[in-house]
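Fold and contact review
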Protein chains: 2
Amino acid sequence: MSTEATEKKPIDFARGLEGVHVATTAISWIDGQNGVLLYRGIPIEEIAKHSNFEETSYLILYGKLPTKQQLEEFDAALKKNREIPDDLLDVIRKFPKDTHSMHVIRTAISFLGGFDPDAEDNTPEANYEKSIKIIAKFPTVVAAASIIRRGLEVIPPDSSLSMAANFLYMMSGEKPTAEEEKIMDTIMILHIEHGMNASTFSSIVTISTLADIYSAITSAIGTLKGPLHGGANERALRMIKEIGTRDNVRQYVENALANKQKIMGFGHRVYKAYDPRAKILRGYAESLSKSRGDMSGIEIAEEIEKIMIEKVGGKGIFPNVDFYSGLVYSHLNIPMEDFTPIFAMARSVGWCAHVMEYLEQNRIFRPRAVYVGSKDAHYVPIDERK
Amino acid sequence: MSTEATEKKPIDFARGLEGVHVATTAISWIDGQNGVLLYRGIPIEEIAKHSNFEETSYLILYGKLPTKQQLEEFDAALKKNREIPDDLLDVIRKFPKDTHSMHVIRTAISFLGGFDPDAEDNTPEANYEKSIKIIAKFPTVVAAASIIRRGLEVIPPDSSLSMAANFLYMMSGEKPTAEEEKIMDTIMILHIEHGMNASTFSSIVTISTLADIYSAITSAIGTLKGPLHGGANERALRMIKEIGTRDNVRQYVENALANKQKIMGFGHRVYKAYDPRAKILRGYAESLSKSRGDMSGIEIAEEIEKIMIEKVGGKGIFPNVDFYSGLVYSHLNIPMEDFTPIFAMARSVGWCAHVMEYLEQNRIFRPRAVYVGSKDAHYVPIDERK
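Residues numbered from 1 in each chain as written. Chains lettered and ligands numbered in written order. Predicted model: local features only at pLDDT ≥ 70, side-chain atom pairs only at ≥ 80, totals over all residues. Heavy atoms only, no water.

**Looking at the nonpolar core**
Formed by 257 residues in total, the largest nonpolar core has its most connected members in A:Met184, A:Phe201, A:Ile304, B:Met184, B:Phe201 and B:Ile304. Excluding its chain neighbours within four sequence positions, the residues that come into contact with B:Phe201 are A:Leu17, A:Phe201, A:Val205, A:Phe365, A:Pro367, B:Leu17, B:Val22, B:Met196 and B:Phe365. (Core = buried A, V, L, I, M, F, W, Y, C linked by side-chain atoms within 4.5 Å. Buried < 20%, exposed > 50% of the residue type's maximum accessible area, 1.4 Å probe, protein only. Contact = heavy atoms within 4.5 Å.)

**Digging into empty space enclosed by the protein**
Counting across every chain of the model gives two cavities of 30 Å³ or more. The computed volume of the largest cavity comes to approximately 100 Å³. Around the largest cavity, the lining residues are B:Ile92, B:Phe95, B:Pro96, B:Lys97, B:Thr99, B:Ser101, B:Val104, B:Ala145, B:Ile148 and B:Arg149. At the level of elements, α5 (101-113) and α6 (124-149) of chain B are the ones that each hand at least two residues to the lining of the largest cavity. A per-element tally of the lining of the largest cavity places α6(B) first, with three residues. The class makeup of the residues in the lining of the largest cavity is six nonpolar, two polar and two charged. Of the volumes computed, that of the second largest cavity is approximately 80 Å³. Those elements that place two or more of their residues in the lining of the second largest cavity are α5 (101-113) and α6 (124-149) of chain A. No other element matches the three residues that α6(A) contributes to the lining of the second largest cavity. Taken together, the residues that form the lining of the second largest cavity break down as six nonpolar, two polar and two charged. (1 Å grid on protein atoms, 1.4 Å probe; cavity = no way out; pocket = protein on both sides within 12 Å on 5 of 7 lines; lining within 4 Å. Points joined across faces, edges and corners; volume = space filled by probe spheres on them. Helix = DSSP H or I, 4+ residues; strand = E, 2+ residues; numbered from the N terminus. Nonpolar A, V, L, I, M, F, W, Y, C, P; charged D, E, K, R; others polar.)

**With respect to the sheet that holds strand β3 (residues 28-31) of chain B**
Sheet strands line up and pair through hydrogen bonds in the backbone, either parallel or antiparallel. One open sheet holds the three strands; their spatial order is β3-β4-β5 (chain B), and the pairing between them is antiparallel. If you trace the sheet from one side to the other, it starts and ends with β3 and β5 (42-43) of chain B, each paired once. (Pairing = 2+ DSSP bridges.)

**A look at the interface of chain A and chain B**
With 112 residues of chain A at the contact, the number on the chain B side is 112 residues. Across the interface of chain A and chain B, roughly 9,800 Å² is buried in total on both sides, 62% from carbon and sulfur atoms. Here chain A and chain B share twelve salt bridges between them. With a closest N to O distance of 3.8 Å, A:Arg106 and B:Asp212 form a salt bridge. Our count for the contact surface shared by chain A and chain B stands at 58 residue pairs in polar contact (both at pLDDT 80 or more). Its residues assigned to classes, the side of chain A that touches chain B shows 47 nonpolar, 40 polar and 25 charged. Two elements, strand β6 (residues 368-371) of chain A and strand β2 (residues 21-25) of chain B, share four bridges in a ladder whose sense is parallel. (Buried area = accessible area lost by both parts, 1.4 Å probe. Salt bridge = Lys/Arg side-chain N within 4 Å of Asp/Glu carboxyl O. Polar contact = N/O pair within 3.5 Å; in protein donor to acceptor, adjacent residues only side chain to side chain.)

**Digging into the relation of the copies chain A and chain B**
Once chain A has been moved 0.0 Å along the axis and rotated by 180 degrees, it coincides with chain B to within an RMSD of 0.0 Å. Expressed as a symmetry operation, the mapping of one chain copy onto the other fits a two-fold axis. Within chain A, the C-alpha atom positioned nearest to the axis of rotation is that of A:Ser219, 2.2 Å from it. Same-surface contact between copies: 100% of interface residues of chain A are shared with the interface of chain B. (Least-squares fit on C-alpha atoms with pLDDT ≥ 70 in both.)

**Things to note about helix α2 (residues 53-62) of chain B**
All names here are of chain B. Burial analysis of α2 places nine of its ten residues in the buried class, the great majority of the element. When we look at burial in α2, the residues that qualify are Phe53, Glu54, Glu55, Thr56, Ser57, Tyr58, Leu59, Ile60 and Leu61. For α2, the N-terminal capping position is held by asparagine 52, with its side-chain oxygen 3.2 Å away from the main-chain nitrogen of glutamate 54. Just past α2, the residue glycine 63 takes up positive phi, approximately 90 degrees.

**Thoughts on the sheet that holds strand β4 (residues 36-39) of chain A**
Residue and element names in this part refer to chain A. Sheet architecture is open: three strands sit in the order β3-β4-β5, paired in antiparallel fashion. The sheet terminates laterally at β3 (28-31) and β5 (42-43), the two strands that pair on one side only. Strand direction decides the pairing type here: β3 and β4, joined by four bridges, are antiparallel. The residue bridging serine 28 from the neighbouring strand is tyrosine 39, located in β4.

**Re the domain arrangement of chain A**
Many authors give the size of an interface as the accessible area that is lost as the parts come together. All names here are of chain A. We note that the domain assignment places domain 1 (28-228 + 335-359) and domain 2 (232-331) within chain A. On a C-alpha basis, the centres of domain 1 and domain 2 stand 26 Å from each other. Of the residues lining the interface, 27 residues belong to domain 1; the matching set on domain 2 comes to 27 residues. Regarding the contact of domain 1 and domain 2, the summed buried area is about 2,300 Å², with carbon and sulfur atoms giving 67% of it. Of all residues in domain 1, Ile183, Met336 and Phe339 give up the largest surface area on contact with domain 2, accounting jointly for 28% of the area buried on that side. We note a salt bridge from arginine 292 to glutamate 180, for which the minimum N-O separation is 2.7 Å. (Domains from an automatic or database assignment.)

**Side note on unusual backbone geometry**
Residue and element names in this part refer to chain B. At leucine 17, a residue that is not glycine, the phi angle is positive and equals roughly 60 degrees. By the secondary structure assignment, leucine 17 is in the loop between β1 (5-6) and β2. Judged by relative accessible area, leucine 17 falls into the buried class, the value being 0%. Of note in this structure, leucine 210 is not a glycine but carries a positive phi near 65 degrees. Inspection of the secondary structure assignment puts leucine 210 in the loop between α9 (198-207) and α10 (213-224).

**Side note on the pattern of salt bridges**
Counting across every chain of the model gives 44 salt bridges over all chains. Here A:Glu55 makes a salt bridge to B:Arg385, at a shortest N to O gap of 2.7 Å. With A:Glu55 in helix α2 (residues 53-62) and B:Arg385 in the segment after β6 (368-371), this pair bridges two chains. By relative accessible area, A:Glu55 is classed as buried at 4%. We classify B:Arg385 as buried; its relative accessible area is 12%. One connected set of salt bridges, linked through shared partners, spans A:Asp87, A:Asp90, A:Arg93 and B:Lys94.

**Side note on the packing of aromatic side chains**
To describe a pair of aromatic rings, you give the distance between the ring centres and the angle between the ring planes. Counted under the stated rule, the structure contains 29 aromatic pairs over all chains. Ring geometry for A:Tyr371 and B:Trp29: centres 5.4 Å apart, planes at 40 degrees, overall tilted. Note that A:Tyr371 is positioned in strand β6 and B:Trp29 in strand β3, a pairing that runs across two chains. A centroid spacing of 5.2 Å and a plane angle of 20 degrees characterise the contact between B:Tyr358 and B:Phe365, whose relative ring orientation is stacked. Grouped by ring-pair contacts, the aromatic residues A:Phe201, A:Tyr358, A:Phe365, B:Phe201, B:Tyr358 and B:Phe365 constitute a single cluster. (Phe/Tyr/Trp six-rings, centres within 6.5 Å; stacked < 30°, edge-to-face > 60°.)

Printed below as a string of structure tokens:
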């Protein structure tokens with residue numbers, strides 16, 4: 001037996017594992033043709049309307065909506081675990097201020113792994129406990145990294161606040177309005193989970209050696225960091241700012257399409273209809289823009305959307321979640337550098353759920369590569385090399 | 001289109017991606033049936049006999065043996081980049097002394113990513129430079145983590161020494177003998193690369209989003225940490241110590257086989273013949289045991305091997321590289337906690353080579369999962385839940 005196939009003719013295999021099944025899952029379901037996203041079977045619209053980040057996290061992790069008592073206990077556990085050690089703040093302070101924020105977040109979660117006495121325990125019970133710790137501490141890490149980068153004083157978590165409100169509080173020192181809290185909560189819900197994407201896949205590849213959940217989440221953060229995965233919302237917002245006024249939109253879009261340039265925040269691998277998350281966010285982007293008395297961004301965005309749907313909607317290209325999230329963040333005074341860390345902080349719930357789900361069906365990932373190199377080279381003494 | 005297949009009957013797919021091709025590669029070739037391992041086409045026996053870690057690293061990274069000048073430049077670049085910042089030593093000192101050493105190593109390499117001004121540059125040129133930095137600093141990180149865990153003073157790298165000799169020097173404060181240096185160098189060569197295993201795969205999954213090479217290597221370290229991947233040599237050495245004397249071997253092995261317990265360091269996914277790396281290491285384990293005047297471990301190991309081959313050799317179960325490496329490390333006074341970090345430090349060469357090779361054929365990894373959950377659940381108010 002050999003590990004690698006060996007072929008001399010052009011090789012045909014599923015690049016990027018497109019279409020290849022790697023696991024079973026009951027966490028989320030996407031019907032891209034019809035713009036449907038279900039968390040544990042429940043439509044995202046119902047969840048965004050009625051639930052909150054804490055309850056949705058419970059749903060994703062445990063597979064069912066919590067009873068009142070279960071939710072109270074879960075919420076209390078999250079609140080109890082929000083604090084991060086001063087040693088971690090010291091580590092975060094060491095990074096250069098202009099370093100990519102995801103280096104800081106990846107290192108911080110990795111660092112926490114070394115301090116959890118249960119890190120090496122891969123029982124479901126231990127992993128649920130560790131998931132709660134990771135999810136609870138993640139916003140504290142993201143806010144501390146942001147605050148330290150901006151040269152300000154770190155604001156400790158406030159256990160009287162919800163996850164969403166506390167995050168905005170730690171980012172600014174000011175308690176958010178009810179509207180701000182609701183919008184932040186919704187954005188966090190919408191980013192919790194989205195099937196077998198690259199970062200989620202990397203978390204299960206790592207756990208498949210029975211490493212530990214911190215290693216798995218660290219891999220996922222590193223994978224999300226790439227511009228092909230996280231980061232599109234930042235580029236969408238930059239585009240909106242670059243366009244500047246509504247009157248410039250048509251020409252910008254037509255030029256971009258003529259030159260085959262990508263319009264950021266449009267099109268999605270799986271959604272060939274309107275991304276249901278974008279639909280929800282668009283409403284919040286509108287209402288928040290009104291509250292702020294600043295309609296310039298949303299007007300440009302909606303004009304881009306209108307022209308794009310007119311031009312390429314027939315090809316299944318619609319706004320995705322990234323198109324409106326950057327605009328919402330900017331109205332919440334969140335710096336662009338923190339967009340991908342916030343994505344990671346919410347997605348940590350989905351990652352933890354996938355890690356635990358994969359452990360129940362665990363098989364170590366050991367694919368093959370197609371060998372295209374030499375098989376008959378030899379060591380040549382250094383003086384005889386060319 | 002939907003992202004997930006939906007099946008109610010038992011689902012058949014390649015678990016662990018067994019047999020699935022994920023990339024093309026020209027880095028190494030394994031013929032497990034015949035016990036063959038080639039690095040860039042050259043048999044591992046020739047490399048172990050004639051080359052050294054630096055030259056082999058060049059071969060793996062650049063695809064060909066270096067000329068004298070190329071090797072001198074490469075070696076000088078490695079030497080120049082061995083030092084690690086004091087800030088990183090501070091981070092390492094923060095970890096509890098009893099934490100799993102791989103948490104420390106994973107965090108340290110992640111941390112370094114935040115300090116490389118070229119971290120986000122994914123051109124081949126930049127990635128070769130970063131690979132050299134990672135490979136050069138890795139032994140310094142591993143030795144510092146070991147020394148700090150043992151409560152000793154960190155020993156800075158000595159640029160007059162080879163990679164292998166310098167590593168042993170940083171681990172002990174004493175310059176190694178020529179025999180010790182040669183053996184360490186050989187172990188490092190033998191661990192540089194081994195095809196598309198789980199850790200290597202995780203590095204290409206991470207880079208596939210165009211993240212950065214530090215993120216990719218961090219993922220690989222986390223993945224190697226799992227006991228199904230790294231760590232077998234530690235368990236093999238523990239077994240040898242537990243058996244205690246040669247006279248106990250037959251009964252131990254027969255009991256283990258009767259009870260279907262695994263004999264550590266035997267059998268390998270791909271090798272159904274004698275692992276060529278184990279064959280090389282066995283010779284060094286013998287000679288080093290003689291030099292040390294302590295034959296107890298090697299006698300037990302060789303007796304285990306003899307009985308195992310007698311009993312199960314016909315089934316293709318032979319010693320693998322882990323069976324003798326633990327014994328060699330113990331004669332080099334290397335603590336067990338450092339076995340997997342040393343594996344990572346040598347394998348970083350292979351990881352970097354695979355990351356760069358994958359970038360040339362890049363496609364983001366986005367496989368599918370088979371959806372087995374509900375599609376018609378609804379949000380239920382909290383008071384109505386059971």
